[in-house]
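# An overview of the molecular structure
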Amino acid sequence: MLSRYHPGTKQLLHHAVNACLAPLCSLHMAAVTTVEGIGSVARKVHPIQERIAKCHGSQCGFCTPGMVMSMYALLRNNPTPKMADVEEAFQGNLCRCTGYRPILQGYKTFSADGECCGGKEKNGCCMKNGNEGLQSSEEITDEATSLFNMEDFAPYDPTQEVIFPPELMTLSKGQRSGSLCFHGERATWLQPTSLKEFLLLKWKHPEARVVVGNTEVGIEVKLKNMVHPLILAPAFIPELSAVTHSEDGVVFSAACTLSHVAAELRKAVRTLPPHQTEVFLAILEQLRWFAGLQIRNVAAVGGNIMTASPISDLNPVFMAAGCKLTLMDKDGSREVQMDDSFFTGYRKTAVRPQEVLFSIHIPYSKKSQFVSAFKQSPRREDDISIVTTAMSVTFTPGTDVVEDLKLSYGGMAPITVLAKKTANKLLGRRWGEELLQEACSSLAEEMTLDPSAPGGMVTYRRTLTLSLFYKFYLTVLQKLRLQGVRVQEVGSECLSATQVYHQETPSSVQIYQAVPKGQSQDDVVGRPMMHLSALKQATGEAVYCDDVPMYENELYLALITSTKAHARILSVDVSAAEGFPGVVSFLFADDVPGSNVTGMRQDETVFADGQVTCVGHIIGAVVADTQIHAQRAAKAVKIQYEELQPVITIQEAIAARSFYEPIRTIQNGDLEAGFKQAEHILEGKIHIGGQEHFYLETHVTLAVPREDDEMELFVSTQAPSDSQAFVAKALGVSANKVLIRVKRLGGGFGGKESRTIVLSPVVALAANKLKRPVRCMLDRDEDMLITGGRHPFYGKYKVGFLNSGKVVALDVSFYSNAGNSLDLSQAIMERALFHMENSYRVPNIRGQGFMCRTNLPTNTAFRGFGGPQGMMVAESWITDVAHSLGRSAEEVRRFNLYLEGESTPYNQILHGLTLDRCWDECLSRSGYEQRRAAAQLYNRQNRWTKRGLAVVPTKFGISFTVNFLNQAGALVHVYRDGSVLLNHGGTEMGQGLHTKMVQVASRVLGVPCSKIHISETSTNTVINTSPTAASVSSDLNGAAVQNACEILQKRLEPFKAQNPKGSWEDWVKAAYFDRVSLSANGFYRTPDLGYDFETNSGRLFHYYSYGVACSEVEIDCLTGAHKNLSTTIVMDVGRSLNPAIDIGQVEGGFMQGLGLFTLEELQYSPQGVLLTRGPGSYKIPAFGDIPTELSVSLLRDAPNDKAIFASKAVGEPPLFLAASIFYAIKDAISAAREESGLTGPFRLDSPASTERIRNACSDRFTKLCPPAEAGTFRPWSVQV
Ligand SMILES: Cc1cc2nc3c(=O)[nH]c(=O)nc-3n(C[C@H](O)[C@H](O)[C@H](O)COP(=O)(O)OP(=O)(O)OC[C@H]3O[C@@H](n4cnc5c(N)ncnc54)[C@H](O)[C@@H]3O)c2cc1C
Ligand code: FES
């Protein structure tokens, strides 16, 4: 948070900003407050820190300081915010773990209008009654709905905040201290204090970059490798931040921040007559969805104009509204109209190099003028536009005759454009259906795009230009009617198309079974205990791998990676890079003393050896004194390639039969007989896109060489033993010389299971070569480029079924895009096959799995591990069955659900099945029947927005399918003072594993949690550990911990018997003096497993976790946007070890699945280059994506006799439930297609992006923009 004192207004202003974009030089006169500055566990935690922790809003904790500071900045400016303010404050924050609900719920407690009961009301939370249709709560006495107790919270007292530093206040009051100059290694920063000086400097240095918010220039420098040797920062020039009101509008000086602009416009809207504020309202609408608050707080209006981005959200409004710009140089000023002559080319303007933009004049609108602006982006909040537009029409007063029309579009050309031809054609015409038709055909001709245009989505973008005009058309019709002008009638069913999106504050309820009456207060198992590190995470004191303090002599490493997908390396030239400052050494394949061969299947290299097989393939590394020096040098290494034909997509791999062996098949029943018996047979296809892990902490390794060839590594890994093995192999030493230490991970989700291969051995090799500590943390773009993600899948199916909806035969083939090595692809494909029928009994079935060998970075484990892809294909065919029969998909699903005692395709009998209970409870809690009826009514009444529902079950098999991994160890030490040090083989990555293990140990040993400590996971305490993966870590490690603790208990028994009234400490002391070992190893192996693919027999899974979700969505058929209206989840997690953590996993997993199935799209060029390499272009769910109503209940009375204390695995199973959102969207699209006479099954690939939704809602507008014929052009991106 930055705080500045403004002597003019005598105000102290606090802003949350993005640290990575705030240049140090710009912080002159600013007080910087970080999360460490507002509270600490050692001193006193701040209420903001306390509440996010106690409300379970911190899992891995990597995002938590950012959340805390966004809230802190808000409260410093406004101690009694409304919920809308809280939501706005978080527009720019992301969390990959929690699903956001607990963060919002925690911070609702500070808001003036959000005083929720915290679930204390009789029937659950005051926000929603979660028990509709169920037994009354008098009957359910042990149902709990509160995961925290508000009474535990320290009150918030704004008067106790840290004061603004008095010295800075004094300095700020006499601010005009003179200009500043900072010299850096490559850039000089000049900060003039007067306009004259600024203009002189720009005259002298026309090449200088002007920087205000740095939100554009910062990106250019950091991500586009641009160098700006001279920077002029005019932030301290009062004239450049001024706002003046003129007779005909408002003038904003160029350095006014967007937050400032918004505040001024809001004020104007409140005070001016409405007809004058049409332009202002359009700008405010664009600003509502412009970046996040952190960006708007610093980004300037002038910066947006001068960047001249073709997808700027403000420039279309400025152009349509006829704004005027004042440009200045040292000799004077000139005024230019912001029209189509202002933007002269891609990111170019008519402003001369010596000139600066001084101000923009935004006019009042006229009485008969109407203005609207629309922005369409993949995600609503904090996202860049696909198409952005502003439209202004002026009528001859009192009529509907068009006098002036301006249609301005961004995203349709290299510059913001005006659709002049169309506008001119419509002049003098009446605002009615004829005009609409003409406008649409004309726009379709005028707003064309080359089918290969950068950004892709060509058909969608073209359709949007028409659809958005239609929205404008309808909006204007309504406004004209309100003004008493006689206009054509529009059916009421069209009006929802004009509604402006308003986010509703989400409400939620969480329901779980309380611990049995009589359970001792000291026994914490089953209670919603806070994550043990949560407070430290909220205060910034939690230590992650890269927080390990720098060692003396430490060096930094940067990777040299391939820019070609498939090529022979002809030469590597480091001569230019060698001369760069700070460079110490280079490493290539020849520098590997051990084996250069690595990977889970020994089919990878540490460094490329003569050939590269993907973009991002590691060729070498540079080691330098600092990160920046290493990265600069790495970029300067020149590599010559001879390019070879790459295989990028699944379809290309199928054509080339580029598959890895084995091609797996599972078959059961008699397929031929099944299809013969079927009364209907249909075929279908679905492609499921991949997913980036987007853990907030990227891959990181710090390697420290020790004596005797020992190497100590701090690694952010889910698989310490695998990391140990890979490093030892590359170094050519035995495993006992390599120590891997893991304190905690800032998220893993499977991405840090096997892919630590790419970084840890490289860093260890450098440390070994130079005998100095070496560190490397990947930048986000590198991490996304190199480390792979979830496998894209293509599913082809043929399904046979009866009139009743009963599925009797299924033949399904899966193709996964495995990438350039096998890694874990086989086990992932196998899990997809094991989940090919999801929760449905199919008597005659065959599934085949093909792993495509392509030239993409190898894809890897990701929460669900192929299961979600397999089940997604199942949901596609079951939906098709329902569509083709004209039946409700829910009816067909319910009808085919497994029954107790039935057998799976891999011959495992299902016992303890709770699917039916989850299903029925979910339907009743969600009020499904009423919702369905209401949605049908809604759809009849609305043409352009449609609602859809879906109920989707999941059955997730629990066990590693690779049998030997189903083992775990623990090592428990009891020290003489009675304190317990607990070690187990699992890593803590936010999922609360350590917390659960402490709960287990506490129960078995009978000591309070406060006496038990877990320091870290390391390969010298518990050895040969399985990765923390497959959802089984609590089961495996929990049982091993239980085993170790029981051994210790047994050893202590005699001492308890001798002194029954003694304390824990007494018994421990007595045992010690009696020379009894107080250290024990625990071990566990899952019993009775042993599936064999060849014979399709043997027990595969230890048990299953079940769940059902019902979701309702609303789509905007014209734009493809959708709202998640409600989701009800019922999840069987057995008897929960910790309901707060388990509900956190359900919600977090669900939101990650929501990203997978509706939002997250990795774009690859046809040459295999990943185009989406950061949060700017790859969108994970944000706060605004939470379903407006979210209910999660853990199925009651469902103890599981197969796992620790009757619990069940929960990490992965809930993810797939987000498919309910996808299929609800598909349901809504069906309703839209019906309006165009289209019925029956249709293909919808995942994710259900805005583009796919819009294109599927075929209508009069889409017909005007037919796609270019495939094969006649080279697309910008391909479906991999
Ligand atoms: C996370 C993120 C989200 C974003 N979201 C959006 C979005 O939703 N919509 C959107 O349109 N943009 C978005 N942007 C782009 C960016 O924030 C805006 O363009 C912003 O307004 C730039 O302002 P700035 O002050 O930070 O510019 P700076 O980076 O400081 O400067 C940008 C350019 O403008 C020039 N310049 C600035 N002031 C002057 C002047 N007075 N005279 C001459 N030249 C000048 C500079 O030389 C430079 O070339 C986003 C950026 C980020 C990082
Ligand atoms: S807790 Fe938010 S990213 Fe992990």
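That block above? That's the structure.
Residues numbered from 1 in each chain as written. Chains lettered and ligands numbered in written order. Predicted model: local features only at pLDDT ≥ 70, side-chain atom pairs only at ≥ 80, totals over all residues. Heavy atoms only, no water.

## Remarks on the sheet that holds strand S22 (residues 567-573)
- Across the sheet, which stays open at both edges, the three strands sit in the order S26-S22-S28 with antiparallel pairing between neighbours. Looking at which strands have only one partner, the edges of the open sheet turn out to be strand S26 (611-612) and strand S28 (638-643). (Pairing = 2+ DSSP bridges. Helix = DSSP H or I, 4+ residues; strand = E, 2+ residues; numbered from the N terminus.)

## Quick look at helix H33 (residues 1139-1158)
- For H33, which comprises 20 residues, the first-to-last C-alpha distance of 28 Å matches the rise-based estimate of 28 Å (1.5 Å per residue) to within 8%.
- Within H33, 20 of the 20 residues are buried, leaving the element largely enclosed by the surrounding structure.
- One side-chain oxygen of the residue at the start of H33 lies 3.1 Å from the amide nitrogen of Ala1140, identifying that residue as Asn1138. (Expected span 1.5 Å × (residues − 1). Buried < 20%, exposed > 50% of the residue type's maximum accessible area, 1.4 Å probe, protein only. Polar contact = N/O pair within 3.5 Å; in protein donor to acceptor, adjacent residues only side chain to side chain.)

## Let's talk about the site of ligand 1
- Within the structure, ligand 1 sits among 29 residues, and Val210, Val212, Gly213, Thr215 and Asp313 are positioned closest to it.
- With respect to ligand 1, the backbone of Ala300 contributes an N or O atom lying 2.8 Å from an oxygen atom.
- Between ligand 1 and Leu357, the relevant distance is 2.9 Å, taken from a nitrogen atom to a main-chain nitrogen or oxygen of the residue.
- For ligand 1, whose unbound accessible area comes to 990 Å², protein coverage reaches 90%. (Near = heavy atom within 4 Å. Areas by Shrake-Rupley, 256 points an atom, 1.4 Å probe, with all protein chains shown as cover.)

## Some words on the pattern of salt bridges
- Under the definition given, this model contains 62 salt bridges.
- Between Glu285 and Arg288 there is a salt bridge; the shortest N-O distance is 3.1 Å. Placement of both Glu285 and Arg288 in helix H10 (residues 278-288) is noted, with a separation of three residues, approximately one turn of the helix.
- Residue Arg288 is classed as partly exposed on the basis of its relative accessible area, which comes to 24%.
- Taking the shortest distance from any N to any O, the salt bridge between Arg755 and Asp823 comes out at 3.1 Å. Of the two residues, Arg755 is situated in the loop between strand S33 (738-742) and helix H23 (760-770) and Asp823 in the loop between strand S36 (807-819) and helix H25 (825-834); the sequence distance between them amounts to 68 residues.
- Residues joined in a network through salt bridges with shared partners are Glu875, Glu890, Arg893, Arg932 and Asp1227. (Salt bridge = Lys/Arg side-chain N within 4 Å of Asp/Glu carboxyl O.)

## Examining the packing of helix H2 (residues 47-54) against helix H3 (residues 64-77)
- Following both chains from N to C, one finds H2 and H3 inclined at 135 degrees, their axes separated by 9 Å at the closest point. With respect to their mutual orientation, H2 and H3 come out oblique. The chirality of how H2 crosses H3 is right-handed. Within the contact between the two elements, H2 uses Ile48, Gln49 and Ile52 and H3 uses Thr64, Met67, Val68, Met71, Tyr72 and Leu75.
- When its residues are assigned to classes, the contact of H2 with H3 shows seven nonpolar, two polar and no charged. (Axes fitted to C-alpha atoms, helices over the stretch in contact; angles between N-to-C directions. Parallel < 35°, antiparallel > 145°, perpendicular 65-115°, else oblique. Left-handed = near helix turned anticlockwise from the far one by under 90°. Contact = heavy atoms within 4.5 Å. Nonpolar A, V, L, I, M, F, W, Y, C, P; charged D, E, K, R; others polar.)

## Remarks on the side chain of Glu87
- The topology assignment puts Glu87 in helix H4 (residues 83-89).
- It is Lys108 that comes nearest to the buried, bridge-free Glu87 among opposite-charge side chains, at 7.3 Å.
- Beyond its immediate sequence surroundings of up to four residues, Glu87 is in contact with Leu104, Gln503, Thr505 and Pro506. (Lys, Arg positive; Asp, Glu negative; His and termini not counted.)

## Description of the packing of aromatic side chains
- For the structure on display, the rule yields 39 aromatic pairs.
- A ring pair is formed by Tyr794 and Tyr815, whose centres lie 5.9 Å apart and whose planes are at 40 degrees; its orientation type is tilted. Taken as a pair, Tyr794 in strand S35 (residues 793-801) and Tyr815 in strand S36 lie far apart in primary sequence, 21 residues in all. Of the two residues examined, Tyr794 and Tyr815, each falls in the buried class.
- Residues Trp944 and Phe1261 carry aromatic rings whose centres are separated by 5.8 Å and whose planes lie at 45 degrees to one another, so their mutual orientation is tilted. Here Phe1261 lies in helix H36 (residues 1260-1263) and Trp944 lies in the loop between helix H29 (928-941) and strand S38 (945-958), a separation of 317 residues in the sequence. No difference in accessibility class separates Trp944 from Phe1261, as the two residues are buried.
- Feature note: the residues Phe370, Phe395, Trp431, Phe469, Tyr470, Phe472, Tyr473, Trp944 and Phe1261 constitute an aromatic cluster, connected by ring pairs.
- Between the NZ or CZ atom of Arg51 and the centre of the ring of Phe110, over which it lies, the distance is 4.0 Å.
- Positioned above the aromatic ring of Tyr938 is the side chain of Arg947, whose terminal nitrogen or guanidinium carbon lies 3.9 Å from the ring centre. (Phe/Tyr/Trp six-rings, centres within 6.5 Å; stacked < 30°, edge-to-face > 60°. Lys NZ or Arg CZ within 6 Å of the ring centre and 35° of its normal.)

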